[in-house]
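The lines below spell out each chain.
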Amino acid sequence: MAVYTDVTDEELHAFVAQYDIGSVLAFKGIAEGVENSNFLLHTEAGYFILTLYEKRVNPAELPYFIGLMEHLAAAGISCPTPLANLDSETLGTLAGKPAAICTFLNGMSVRRAKAVHCQGLGNAMAEMHLAGADFTMHRKNALTVDGWRPLFDLSQDRADEVCHGLAAEIERELTVLEERWPRDLPVGEIHADLFTDNVFFLGEELSGIIDFYFACTDAFAYDVAICLNAWCFEADDSFNVTKARALLKGYSSVRPFTAAEFEALPLLARGSALRFLLTRLYDWLSVPEGALVTPKDPMEYLKKLRFHRHVTSARDYGLALGDVVA
Ligand SMILES: Nc1ncnc2c1ncn2[C@@H]1O[C@H](COP(=O)(O)OP(=O)(O)OP(=O)(O)O)[C@@H](O)[C@H]1O
Ligand SMILES: N[C@@H](CCO)C(=O)O
């Protein structure tokens, strides 16, 4: 469950009174999510999401996340828009935590994405990348190649409890990726956690993107690689090239890939698989006794990583050089 902080009626009313959204009609905690406390807020002006930022979000980075959502929303991207209060501030304090109220987005995440959803995702991701081009703030990606080894150090000794030989396999992979990681690809603001639970659809139409709290300044194609992993594998771990082709076509019809991005895609997909393997491995080994959270399966990402290791070209993902590269 993701309500870590209790908010009293008095605190809530005083907080909402700082905004021009009328008085509170209803307020309830949202169970989904694990990072922050989220509440559905109904006021005389409509529905909103109230978020209290919990300990894994660095308060110093909130202006970047809030600013990026504001910027993208103003550019026409369907993402939560932070509301400014009567003092023109988008970030306040509630129950001792940094807090913001954002617009509510209609739609639902899909349990089983179809190719048409992947195509819509590709379109929207490319539009988001283009819309971020004139955003002036930047944030280093803490979870790219330079951050993986320190993260691995935290789990290395116990990695083989999850799978025999895992520590050695990760060590070999890290060595390869540190050596070959591409550093000269087109960069900009990326979402970096565009999993199915963060994308809403109304039927087959994409209606919104949420949860920008891993967003950072990094290679656009790395965001694409994250999505290949999160959207294009089936429950039996097989890769669905039809979905991948739809995702890549959807993306490149808005923002064509460069030749360097085409070349780098298999390596970026390996790196992205390793990134989620490492964070999941850490979380798996760190679940406190009796905790209610179910950690996500690190092995899913080991299997994805092994798949990409055998990919020799982005053609294997259904991307045709002649078709899409500018
Ligand atoms: N702007 C929004 N409009 C509608 N629903 C939203 C919005 N923001 C969040 N939600 C709802 O709240 C849930 C949790 O939000 P979110 O994924 O941002 O939380 P989190 O704790 O940061 O998540 P995570 O654990 O995925 O990092 C979402 O699954 C969605 O149901
Ligand atoms: N999307 C991440 C968790 C939240 O960042 C994962 O599936 O491992």
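Structure report, in brief. (Residues numbered from 1 in each chain as written. Chains lettered and ligands numbered in written order. Predicted model: local features only at pLDDT ≥ 70, side-chain atom pairs only at ≥ 80, totals over all residues. Heavy atoms only, no water.)

So, the pattern of salt bridges
All chains considered together, the criterion is met by 18 salt bridges. Here K303 ties to D237 by a salt bridge, and the two come within 3.2 Å at their closest N and O atoms. Here K303, found in helix α9 (residues 298-309), pairs with D237, found in the loop between α6 (220-231) and α7 (241-252); they are 66 residues apart in sequence, far enough to count as distant. Of the residues examined, K303 reaches a relative accessible area of 38% and is grouped as partly exposed. Through salt bridges that share partners, E169, E173, R270, R306 and R309 make up one connected network. (Salt bridge = Lys/Arg side-chain N within 4 Å of Asp/Glu carboxyl O. Helix = DSSP H or I, 4+ residues; strand = E, 2+ residues; numbered from the N terminus. Buried < 20%, exposed > 50% of the residue type's maximum accessible area, 1.4 Å probe, protein only.)

Quick look at the site of ligand 1
Around ligand 1, 16 residues are found, and the nearest of them are V34, E35, T103, L105 and D211. In this structure, E35 approaches ligand 1 through a main-chain N or O atom, which is 2.9 Å from an oxygen atom. One nitrogen or oxygen atom from the main chain of L105 is found 2.8 Å from a nitrogen atom belonging to ligand 1. The residue inventory of the shell around ligand 1, partitioned by class, reads 8 nonpolar, 5 polar and 3 charged. (Near = heavy atom within 4 Å. Polar contact = N/O pair within 3.5 Å; in protein donor to acceptor, adjacent residues only side chain to side chain. Nonpolar A, V, L, I, M, F, W, Y, C, P; charged D, E, K, R; others polar.)

Examining the site of ligand 2
Residues in close proximity to ligand 2 include D193, F195, F214, F276, R280 and K296, which together make up its full environment. For ligand 2, a nitrogen atom lies 2.7 Å from a polar atom in the side chain of D193. Between R280 and ligand 2, the recorded distance is 2.7 Å, taken from a side-chain N or O atom to an oxygen atom. Contact with the protein chains covers 84% of the free accessible surface of ligand 2, which is 260 Å². When the residues that make up the shell around ligand 2 are grouped by side-chain class, the tally is 3 nonpolar, no polar and 3 charged. (Areas by Shrake-Rupley, 256 points an atom, 1.4 Å probe, with all protein chains shown as cover.)

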